[in-house]
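Listed below, chain by chain, are the residues.
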Amino acid sequence: MPIGYNKIEVLVRLGRIRSNFRLLEAKGGRVMPVVKADAYGHGLWPVARALAEEGARTFAVGTVEEAADLRRAGCRAGIVSLLGPLDPWEYEALWEFGAIPMIGEFGRLEELARVASRMPGPLDIGLKFDTGMSRLGFSEADLPGLLDRISGLAGLRPVMVSSHLAAADVPDLAGFLDGQVQTFRRVVSAFKARGLEVEANLANSAAVMARPDLAFQGQRPGVSLYGANPFWGTDLAELGQGLEPAMEVSAPVIEVRDVARGQSVGYGCTHRVEENTRLAVVAAGYADGYSRGLSNRGWALVRGVRVPVVGRVCMQLLMLDVGRAPGVEPGDRAWLLGGDGPQAIRPEELAEWWGTIPYEVFCLLGLNRKKYV
Ligand SMILES: *Cc1c(COP(=O)(O)O)cnc(C)c1O
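Residues numbered from 1 in each chain as written. Predicted model: local features only at pLDDT ≥ 70, side-chain atom pairs only at ≥ 80, totals over all residues. Heavy atoms only, no water.

Further remarks concern the overall build of the chain. Helix and strand counts for the chain stand at 11 helices and 16 strands. Overall, the C-alpha framework of the chain stretches about 80 × 45 × 40 Å when taken along its three principal axes. Every one of the 373 residues in the chain was classed for burial, and the buried ones make up 51%. Total accessible area computed for the chain in this model is approximately 16700 Å², and 50% of it derives from carbon and sulfur atoms. Averaged over its 41 positive side-chain charges, the chain has a centre that lies 3 Å from the centre of its 43 negative ones. (Helix = DSSP H or I, 4+ residues; strand = E, 2+ residues; numbered from the N terminus. Buried < 20%, exposed > 50% of the residue type's maximum accessible area, 1.4 Å probe, protein only. Areas by Shrake-Rupley, 256 points an atom, 1.4 Å probe, with all protein chains shown as cover. Lys, Arg positive; Asp, Glu negative; His and termini not counted. Charge placed at Lys NZ, Arg CZ, Asp CG, Glu CD.)

Dropping the structure here:
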């Protein structure tokens, strides 16, 4: 009888995302889950639906297109679009799908004001400030002109003020963080002084965990909801205690073969077998998002044992040295992320072998077929 091989599969444990949400909310302030980029690869609607059931009232998506996707899927919560409108259709779509855009420059504000003048009702908007990222947002110097302008805009109603932290996960840069916080507090005060009722939000995952004093009226954690600890490997690592990674990735072992001492493995002969051993050939490769940078660096979990990736990762295949994992057979699952037991592979570890951060690991592996439990 032929063995059935399920190809690479992403297992998303929604219960863990729910419990991470509860853990983050228990630290203080209200959490506005960041579900941009398909919920960091975990699936936009399944994640948002689960978190809405946990009490999340507003979600932050990356683009107006994602806001439209979320609304069409059936989401009834508030939706904030961190980016855009970008494409022309996205302006009117804000009204159609009831999404709050984060506006951070005068050109887009004026464009939106023009659209608003021919729309039936006013649109809630957020205003985004650059306090240290040098990426998007009004500067503090823009404040007087901006406050004057928005006071006179009948079709746009400012309801939110926000900024993004550049280094809240780097304990050594606490001084830089404080500078951003001070600037943001001045911005918020300026809105208050004009009698503008806005909800302020600043914190990302690292700040939610380390700085409960920055909770304001809302917080925007992303990666911690999915179970990665932004302080992993730092002195503050214990702040992430209890976060459970929700994404696990496995692929099938399709062949097991004996190799003799001295034999080379894979393209470029980059690995030479030092003593007789067995290799498991796994049906996953860089076309599936498992980076070629993991060649001779990555580890997988097979039958509860950690085994090394040997030789170069190929387009749709990779090889593991399973000499220390007895009994491996075709049809076994190789866990590239997660897996059962104490040896489970953490996203922070995989990211380190990969030379990147868990965010990128989630986004790229999350492009594969997903299964929800
Ligand atoms: C992605 C993002 C977040 C979430 O950051 P994490 O480090 O994943 O918690 C918050 N705010 C903005 C503006 C973002 O783009």
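Between two packed helices, the angle of one axis relative to the other and the distance separating the axes together describe the packing. The geometry of helix 7 (residues 143–151) relative to helix 8 (residues 174–193) is characterised by a closest axis approach of 11 Å and an angle of 35 degrees between their N-to-C directions. Considering only the axes of helix 7 and helix 8, their crossing is right-handed. Contacts from Leu143, Leu147 and Ile150 of helix 7 reach helix 8 at Val187, Ala190 and Phe191. Class assignment for the residues of the contact of helix 7 with helix 8 results in 6 nonpolar, no polar and no charged. (Axes fitted to C-alpha atoms, helices over the stretch in contact; angles between N-to-C directions. Left-handed = near helix turned anticlockwise from the far one by under 90°. Contact = heavy atoms within 4.5 Å. Nonpolar A, V, L, I, M, F, W, Y, C, P; charged D, E, K, R; others polar.)

Take the sheet that holds strand 6 (residues 156–163) next. Strand order in the open sheet formed by 6 strands is 2-3-4-5-6-7, and the pairing between neighbours is parallel. Two strands bound the open sheet, and with one partner strand each, they are strand 2 (58–61) and strand 7 (199–201). Across the sheet, the mean angle from the axis of one strand to that of its neighbour is 30 degrees, orientation sign disregarded. Pairing geometry for strand 5 (residues 123–129) and strand 6, over 7 bridges, is parallel. Following the sheet pairing, Leu127 is matched in strand 6 by Val161. Where helix 5 (residues 89–97) meets the sheet, it contacts strand 4 (99–103), strand 5 and strand 6, and its direction lies at approximately 140 degrees from that of strand 4. (Pairing = 2+ DSSP bridges.)

Right, let's talk about unusual backbone geometry for a bit. Looking along the chain, the bond that leaves Gly84 and enters Pro85 is cis, with omega of 10 degrees. Within the secondary structure, Pro85 is located in the loop between strand 3 (78–81) and helix 5.

Moving on: the side chain of Ser205. Within the secondary structure, Ser205 sits in helix 9 (residues 205–210). Relative accessible area serves as the criterion here: at 4%, Ser205 is assigned to the buried category. Within polar-contact distance, the side chain of Ser205 engages the side chain of Ser224 at 2.8 Å. Ignoring any residue separated from it by four or fewer positions in sequence, one finds Ser205 in contact with Arg220, Pro221, Gly222, Val223, Ser224 and Pro230. (Polar contact = N/O pair within 3.5 Å; in protein donor to acceptor, adjacent residues only side chain to side chain.)

Looking now at the pattern of salt bridges. Applying the stated criterion across every chain, the model contains 23 salt bridges. For Glu140, the salt bridge is made with Arg186, and the minimal N-O distance between the two is 2.6 Å. Here Arg186 lies in helix 8 and Glu140 lies in the loop between strand 5 and helix 7, a separation of 46 residues in the sequence. A relative accessible area of 30% means that Glu140 is categorised as partly exposed. Residue Arg186 is classed as partly exposed on the basis of its relative accessible area, which comes to 42%. For Glu349, the salt bridge identified is with Arg306, shortest N-O distance 2.8 Å. On the criterion of sequence distance, the pair formed by Glu349 in helix 10 (residues 347–354) and Arg306 in strand 13 (residues 305–310) is long-range, its members being 43 residues apart. (Salt bridge = Lys/Arg side-chain N within 4 Å of Asp/Glu carboxyl O.)

This paragraph deals with the packing of aromatic side chains. Tallying each qualifying case throughout the model produces 7 aromatic pairs. With 5.2 Å between their ring centres and 90 degrees between their planes, Phe184 and Phe216 make a pair best called edge-to-face. Taken together, the residues span a long stretch of sequence, with Phe184 in helix 8 and Phe216 in the loop between helix 9 and strand 8 (247–259) at a distance of 32 residues. Three or more aromatic residues joined by ring pairs make a cluster, and in this case those are Phe106, Phe129, Phe138 and Phe191. (Phe/Tyr/Trp six-rings, centres within 6.5 Å; stacked < 30°, edge-to-face > 60°.)

For the rest of this paragraph, the subject is the nonpolar core. Core analysis: the biggest nonpolar cluster contains 116 residues, and Leu156, Phe191, Leu320 and Leu350 have the highest contact counts within it. Examining the composition of this core, we find that 7 residues originate from one element, helix 8, more than from any other. When near neighbours in sequence (up to four residues on either side) are disregarded, Leu320 contacts Arg278, Leu279, Ala280, Val282, Ala300, Val302, Val307, Pro308, Val309, Val310 and Ala334. Judged by nonpolar contacts, the second largest core, of 8 residues, contains Val259, Val273, Leu279 and Val310. (Core = buried A, V, L, I, M, F, W, Y, C linked by side-chain atoms within 4.5 Å.)

Here the focus is the site of the ligand. By nearness alone, every residue bordering the ligand is listed as Val34, Lys36, Tyr40, Leu82, His164, Asn204, Ser205, Arg220, Pro221, Gly222, Val223 and Tyr359. Arg220 places a side-chain nitrogen or oxygen 2.9 Å from a nitrogen atom of the ligand. For the ligand, the accessible surface in isolation is 390 Å², of which the surrounding protein chains cover 91%. For the shell around the ligand, a count of residues per class yields 6 nonpolar, 4 polar and 2 charged. (Near = heavy atom within 4 Å.)

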